[in-house]
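The chain contents come next:
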Amino acid sequence: MIDLSPVEIGGHTFLAVTVLLPKTTLLVVTSNKGYIMCGALDVGLLNEKLADRNIIAARAVGVKTIEQLLNAPMESVTYEAEKLGVNKGMIGKDALLKMI
């Protein structure tokens, strides 16, 4: 099952995506510029193998719901996200607001 729903943060609308898979759930909240995601995101791959794409993204680990993702500290961020002021330890909501 896939669930898409709007999320309001600081007067801005983001899209939350939940994908239920066997034994795991993928969680993403996205803006037009970038996104935050659960631990399934491979930030190293984005920074190294896909560097030419300039992907703006951040990852939180140990989250099981969109609400947890929005309130969790970011465990890792891409180089492009850092350029926008997204840093490790920043909570998901604050990271998204840097991505608008």
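Asks: Please clarify how the overall build of the chain should be interpreted in this entry.
Replies: The secondary structure content of the chain amounts to four helices and six strands. Its helices and strands in sequence order give the chain the pattern β-β-β-β-α-β-α-β-α-α, from N to C terminus. Over its C-alpha trace the chain gives a radius of gyration of 12 Å, about what one expects of a compact globule, namely 13 Å for 100 residues. The buried share of the chain, reckoned over its 100 residues, is 42%. Considering only contacts within the chain whose residues lie at least 6 apart along the sequence, 33% involve residues at least 24 apart.

Asks: Help me understand the environment of glycine 34 in this model?
Replies: For glycine 34, the location among the structural elements is in strand S4 (residues 34-37). It is 14 Å that separates the C-alpha atoms of glycine 34 and alanine 51, two residues lying 17 residues apart in sequence. The contact partners of glycine 34, leaving out residues within four places of it in the chain, are Val29, Ile56 and Met99.

Asks: Is there a simple way to think about the nonpolar core in this case?
Replies: Nonpolar side chains in soluble globular proteins tend to end up buried together. Counting residues in hydrophobic clusters, the biggest one holds 34 residues, and the most contacted among them are Val29, Ile36, Leu70, Val86 and Leu96. Listed by contribution, the elements that provide at least two residues to this core are strand S1 (2-9), strand S2 (12-21), strand S3 (24-30), S4, helix H1 (43-48), strand S5 (56-59), helix H2 (66-71) and helix H4 (92-98). Residue contacts for leucine 96: discarding those within four places in its chain leaves Ile9, Phe14, Val29, Ile36 and Leu70.

Asks: Whenever I open this one, the sheet that holds S4 confuses me. Can you help?
Replies: Within a beta sheet, neighbouring strands are joined by backbone hydrogen bonds and run either parallel or antiparallel to one another. Spatially, the six strands line up as an open sheet ordered S1-S2-S3-S4-S5-S6, and their pairing is mixed. At either margin of the open sheet sits one strand with a lone partner, and together these are S1 and strand S6 (76-77). Two strands pair when backbone bridges link them, and S2 and S3 are joined in this way by seven bridges, in the antiparallel orientation. Across the sheet, alanine 16 pairs through a bridge with valine 29, a residue of S3.

Asks: Quick question: what am I supposed to make of a nonpolar patch on the surface here?
Replies: Where nonpolar side chains cluster on the molecular surface, the patch consists of Ile2, Leu4 and Leu15 and spans about 300 Å² of accessible area. Among the structural elements, leucine 4 can be located in strand S1. Residue classification places leucine 4 among the exposed residues on the basis of a relative accessible area of 55%.

Asks: Explanation requested: the pattern of salt bridges in the structure shown.
Replies: Opposite charge on two side chains allows them to pair when their charged atoms are near. A full pass over the atoms with the stated rule returns two salt bridges. Between glutamate 75 and arginine 59 there is a salt bridge, and its shortest N-O distance comes to 2.9 Å. Within this pair, whereas glutamate 75 is found in the loop between H2 and S6, its partner arginine 59 is found in strand S5, the two being separated by 16 residues in sequence. Assessed through its relative accessible area of 37%, glutamate 75 is described here as partly exposed. Lysine 83 is the salt-bridge partner of glutamate 80, the closest N and O atoms lying 3.0 Å from each other. One end of the pair, glutamate 80, and the other, lysine 83, are both in helix H3 (residues 79-83), three residues apart, so they sit about a helical turn from each other. Judged by relative accessible area, which is 64%, lysine 83 ranks as exposed.

What counts, and at which threshold
- Residues numbered from 1 in each chain as written.
- Predicted model: local features only at pLDDT ≥ 70, side-chain atom pairs only at ≥ 80, totals over all residues.
- Heavy atoms only, no water.
- Helix = DSSP H or I, 4+ residues; strand = E, 2+ residues; numbered from the N terminus.
- Rg over C-alpha atoms; globule rule 2.2 N^0.38 Å.
- Buried < 20%, exposed > 50% of the residue type's maximum accessible area, 1.4 Å probe, protein only.
- Contact = heavy atoms within 4.5 Å.
- Core = buried A, V, L, I, M, F, W, Y, C linked by side-chain atoms within 4.5 Å.
- Pairing = 2+ DSSP bridges.
- Patch = residues over 30% accessible without salt bridge, like charges linked within 9 Å, V, L, I, M, F, W, Y side chains within 5 Å.
- Areas by Shrake-Rupley, 256 points an atom, 1.4 Å probe, with all protein chains shown as cover.
- Salt bridge = Lys/Arg side-chain N within 4 Å of Asp/Glu carboxyl O.

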